[in-house]
Amino acid sequence: MKRVKAIYPGSFDPPTNGHLDLIERGSKIFDELVVAILRNPEKDPLFSVTERRQMLESMTTGFENVSIDTFNGLTVDYALRVEAGAILRGIRAISDYEYELQMALMNRKLQPGLETVFMMPAEKYSYLSSRLVREVAELGGSIDCLVPELVAQKVREKMREKMDVAHKFSAAESAERESERETPERMAPEAVTLERKTRSRKRKS
Ligand code: PNS
């Protein structure tokens, strides 16, 4: 019987429970499933590709036919390179459909032999996206039921790192402003005299 290998390409920044749900479903219908993280230098990701890879590897240890990889360039070229016959993508809501259809048809145009298979994650994840997870975490909301615990921990660490950097930056800015402030000790003697005269005139008037 023909064995079907599929790739599940995406950004996974960070991987969510919705991704995991789709990986589980995909692992049941494909003989082999490769979760492929796009290495996209144009984006400013929260997690490096290595961090995302580590998280996905930990999340999928229970699936024997699932592996994690990274790729650059066209998804169809990567699929050919790893000899996959299908691309797995998730559709959560109608709003996903237009973009996904466009991508699937473009991929078919580029590589007619490659099929895109759409699967729906569980309904409870239909509102879930990596972008929203990042936004909720950045604004201090709980992401506990949205991502696996190990991902939640990593996101919290990242947020703490970002806060530390922001605090250091604003402290450095305040220090710089303070150092630029004109105090009598830093002013030229003529300027000090002029300022004192102006102040005394203001008091009198
Ligand atoms: O998780 P995402 O960000 O929705 O994944 C989008 C992804 C990585 C599947 C898509 O951007 C992609 O395939 N990029 C690789 C470049 C490519 O093949 N572009 C043409 C697609 S029509």
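What counts and how
- Residues numbered from 1 in each chain as written.
- Predicted model: local features only at pLDDT ≥ 70, side-chain atom pairs only at ≥ 80, totals over all residues.
- Heavy atoms only, no water.
- Phe/Tyr/Trp six-rings, centres within 6.5 Å; stacked < 30°, edge-to-face > 60°.
- Buried < 20%, exposed > 50% of the residue type's maximum accessible area, 1.4 Å probe, protein only.
- Near = heavy atom within 4 Å.
- Polar contact = N/O pair within 3.5 Å; in protein donor to acceptor, adjacent residues only side chain to side chain.
- Areas by Shrake-Rupley, 256 points an atom, 1.4 Å probe, with all protein chains shown as cover.
- Helix = DSSP H or I, 4+ residues; strand = E, 2+ residues; numbered from the N terminus.
- Pairing = 2+ DSSP bridges.
- Axes fitted to C-alpha atoms, helices over the stretch in contact; angles between N-to-C directions.
- Contact = heavy atoms within 4.5 Å.
- Expected span 1.5 Å × (residues − 1).

Enquirer: An account of the packing of aromatic side chains is requested, with residue identities and associated values reported.
Expert: In total, this model carries two aromatic pairs according to the counting rule given. Ring geometry for Tyr8 versus Phe12: centroids 5.2 Å apart, planes at 85 degrees, classification edge-to-face. Taken as a pair, Tyr8 and Phe12 share a single burial class, namely buried. Here the aromatic rings of Phe71 and Tyr78 are separated by 5.0 Å at their centres, their planes lie at 25 degrees, and the arrangement is stacked.

Enquirer: I'd love a proper account of the site of the ligand, names of residues and values included.
Expert: Lining the immediate environment of the ligand, one finds 13 residues, of which Ser11, Leu74, Thr75, Arg89 and Met103 sit closest. Contact distances for the ligand include 3.0 Å between an oxygen atom and a side-chain N or O atom of Arg89. Against a free-state accessible area of 540 Å², the protein chains account for coverage of 73% of the ligand. Counting only elements with at least two residues in the shell around the ligand, the list comes to strand 1 (5–10) and helix 4 (94–110).

Enquirer: I'd like to hear about the sheet that holds strand 1, residue by residue, with values.
Expert: Within a sheet, adjacent strands bond to each other through the backbone by hydrogen bonds, running parallel or antiparallel. With parallel pairing, the five strands of this open sheet are ordered in space as 3-2-1-4-5. Single-partner strands in this sheet number two, and they are strand 3 (66–71) and strand 5 (115–119). Strand-to-strand twist across the sheet, computed as the mean angle between neighbouring axes with direction ignored, equals 30 degrees. With five bridges connecting them, strand 4 (residues 86–90) and strand 5 associate as parallel partners. Across the sheet, the residue bridging to Arg89 is Phe118, located in strand 5. Against the sheet, helix 1 (residues 17–29) makes contact with strand 1, strand 2 (32–38), strand 3, strand 4 and strand 5, and its axis sits at roughly 125 degrees relative to strand 5, the strand it touches most. Packing of helix 4 onto the sheet brings it into contact with strand 4 and strand 5, and relative to strand 4 it is tilted by some 170 degrees.

Enquirer: Got a sec to walk through the side chain of Asp21? Specific residues and values, please.
Expert: Mapped onto the secondary structure, Asp21 falls in helix 1. The contacts of Asp21, once residues within four sequence positions are left out, are Met120, Pro121, Ala122 and Tyr125.

Enquirer: Give a detailed account of helix 1, specifying residues and quantitative values.
Expert: For helix 1, which comprises 13 residues, the first-to-last C-alpha distance of 19 Å matches the rise-based estimate of 18 Å (1.5 Å per residue) to within 8%. Burial in helix 1 covers these residues: Asn17, Gly18, His19, Asp21, Leu22, Ile23, Gly26 and Ser27. Here helix 1 starts with a cap whose side-chain oxygen sits 3.1 Å from the backbone nitrogen of Gly18, and that cap is Thr16.

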